[in-house]
Amino acid sequence: MKKLVQLYINSYRGLSTEAWLLAIVMLINRTGSMVIPFLSMYMSSELQFSKAQVGIVLGCFGLGSVCGSWLGGWLTDKFGNFKVQATSLILTVPIFLILPHFRTFETLAGMIFLLTLIADTFRPANSVSVARYAKPENLTKAYSLNRMAVNLGFSIGPALGGFLATFSYDWIFYGNALTAISAAIVFILFFRSRRPRATAQPKLHTEKKRTAKDRNAYLDPPFIVFNIFCCLFSMAFFQLLSTLPLFYKEAKSMTEGQIGLLLGFSGFVIVLFEMLLVHAVEHRFTPRQVMIFGTAIAGISYLMLNAPFGIGWLYLAMFMLSVGEMLTLPFTATISASRATLNTQGAYMGFNSLAFAAANIFSPYLGTYIAEHFGYQTLWFGTAAIMLFTSLGFSWILKKM
């Protein structure tokens, strides 16, 4: 037990103060993630949308995310990560406040697109912030800490969202607005006068000249293929936020409160184990080995959903999915940041964010379509197959990279 405690403490050692501050901002912001897992149920039960309409609106969510990720990367390289993050957080607040008033299929789809367009400019800017403020030897740890904050917020958010949904779905949107403005205030107070670490600071105003090492992220063939596999992983993984809540409600007859607790359990597991797990594997295995096994484990977790067992089994499947996530996602950011130069970090992180966001255009519609026409069992078999194929894909392309 003493060794385990010491290992846990060591997993957090070496992180910069700024990395911790960025994690605090991300925690506040992502506590407001309560709207995401309940969006499909809100449209299905409250607005009486068909599954096809739910899939299309969630596809607009993904399309906005794609555009926001690309735009965020471009704006970050042009204006800097601080301005992009602060603007994104502030502008999402009024959208969350007025969103409950848009109740038709067309208007809600348009507003969801606008929301994610603005909100997801934050993501590549935040990834660049982590790279700029982290110590180079602790980059993967810094990304893991940031993801830990995301998942702690995600463990609180759905549980809180499930509670608020018992009164009214509108309160979920208002809760999101409150956390967004809180995150904006804390971020601006912490970072308005902070400078990046000298070892990672790009000379934004004095060194704009490109060098031979400054590859174009969108013309880098191995990185393009890597992002295609990241997109496939995301298409399968993010059934977590679209069809999985519907599966719990329709196939397992769970209440909103129970669903919120189960989804929140995923964040709790990641908060408890990710830093420890990353610390244990990052110096013992290559990123390629870790991502191969992580993706395969995530695939097995979806396969487990077809077993006719009770709620305890669903928690075990969620635990397996969380382990797969912990072994895969931190290293996608590390690989992207390592592939870039100081002049192109925004573009590389933006392209990688775009790969994950692109999946959200197709993933919800395909997931809801398969569930409606072929059943959830077929959906989970297909999701597991994509994960296993992606595991092989990562093995191949990372060997080349």
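Quick caveat, the model's predicted, so the values are computed rather than measured.

Right, let's talk about the overall build of the protein for a bit. Helix and strand content of the protein: 16 helices and 0 strands. For the C-alpha atoms alone, the extent of the protein along its principal axes is close to 55 × 45 × 45 Å. Split into buried and exposed, the 401 residues of the protein put 58% on the buried side. Sequence separation of at least 24 residues holds for 86% of the intrachain contacts in the protein that already meet a minimum separation of 6. With an accessible surface of roughly 16800 Å², the protein has 69% of that area assigned to carbon and sulfur atoms. With 30 positive and 16 negative side-chain charges, the protein shows a spacing of 12 Å between the two charge centroids.

So, on to the side chain of Ser234. With respect to the helices and strands, Ser234 occurs in helix H10 (residues 221-237). Here Ser234 falls in the buried class, since its relative accessible area comes to 0%. The residues contacting Ser234, other than those within four sequence positions of it, are Phe356 and Ala359.

Right, let's talk about a nonpolar patch on the surface for a bit. Together, Ile56, Phe362, Tyr365, Leu366, Tyr369 and Phe374 line one region of the surface with nonpolar side chains, adding up to about 580 Å² of accessible area. Ranked by residue count, the leading element in the nonpolar patch is helix H15 (residues 345-374), at 5 residues.

This part is about the confidence of the model for the protein. With 93% of its residues at a pLDDT of at least 70, the protein reaches an overall mean of 85. Looking across the protein, the model is least confident in helix H1 (residues 2-10), with a mean pLDDT of 68, and most confident in helix H16 (residues 376-400), with 96. With pLDDT under 50 throughout, residues 198-208 is counted as low confidence; its partners more than four residues away or in other chains account for 12 contacts.

Evaluation of the coordinates by the stated rule reveals 6 salt bridges. Between Lys51 and Glu250 there is a salt bridge; the shortest N-O distance is 3.0 Å. Of the two residues, Lys51 is situated in helix H4 (residues 51-79) and Glu250 in helix H11 (residues 243-250); the sequence distance between them amounts to 199 residues. In this structure, Asp120 and Arg123 form a salt bridge, with 3.1 Å as the shortest nitrogen-oxygen distance. Taking relative accessible area as the criterion, Arg123 reaches 25% and is therefore assigned partly exposed. Bridged by salt links that share partners, the residues Arg215, Asp220 and Arg339 form one connected network.

Quick look at the nonpolar core now. Met43, Leu108, Phe226, Leu240 and Tyr248 are the most contacted members of the largest nonpolar core, which has 85 residues in total. With 10 residues, helix H14 (residues 311-339) is the single largest residue contributor to this core. Those residues in contact with Met43 that sit more than four places away from it in its chain are Gln48, Phe49, Val54, Val57, Leu58 and Leu108. In this structure, Leu21, Ala131, Tyr143 and Val271 belong to the second largest nonpolar core, which totals 30 residues.

Moving on to empty space enclosed by the protein. Summed over all chains, the structure comprises 3 cavities of 30 Å³ or more. Considered as a void within the structure, the largest cavity measures approximately 1200 Å³ in volume. Contributing to the lining of the largest cavity are 49 residues, with Arg30, Asp120, Arg123, Val150 and Phe238 lying nearest its centre. Tallied by class, residues from the lining of the largest cavity come to 25 nonpolar, 19 polar and 5 charged. Taken as a whole, the second largest cavity encloses approximately 50 Å³ of empty space. As for the second largest cavity, its lining consists of Leu244, Tyr248, Ser301, Tyr302, Leu305, Ala317, Met318 and Leu321. Counting residues per element, the ones that place at least two in the lining of the second largest cavity are H11, helix H13 (287-303) and H14. Tallying contributions element by element places H14 first for the lining of the second largest cavity, with 3 residues.

Scoring rules and cut-offs
- Residues numbered from 1 in each chain as written.
- Predicted model: local features only at pLDDT ≥ 70, side-chain atom pairs only at ≥ 80, totals over all residues.
- Heavy atoms only, no water.
- Helix = DSSP H or I, 4+ residues; strand = E, 2+ residues; numbered from the N terminus.
- Buried < 20%, exposed > 50% of the residue type's maximum accessible area, 1.4 Å probe, protein only.
- Contact = heavy atoms within 4.5 Å.
- Areas by Shrake-Rupley, 256 points an atom, 1.4 Å probe, with all protein chains shown as cover.
- Lys, Arg positive; Asp, Glu negative; His and termini not counted.
- Charge placed at Lys NZ, Arg CZ, Asp CG, Glu CD.
- Patch = residues over 30% accessible without salt bridge, like charges linked within 9 Å, V, L, I, M, F, W, Y side chains within 5 Å.
- Salt bridge = Lys/Arg side-chain N within 4 Å of Asp/Glu carboxyl O.
- pLDDT = per-residue confidence, 0-100.
- Core = buried A, V, L, I, M, F, W, Y, C linked by side-chain atoms within 4.5 Å.
- 1 Å grid on protein atoms, 1.4 Å probe; cavity = no way out; pocket = protein on both sides within 12 Å on 5 of 7 lines; lining within 4 Å.
- Points joined across faces, edges and corners; volume = space filled by probe spheres on them.
- Nonpolar A, V, L, I, M, F, W, Y, C, P; charged D, E, K, R; others polar.

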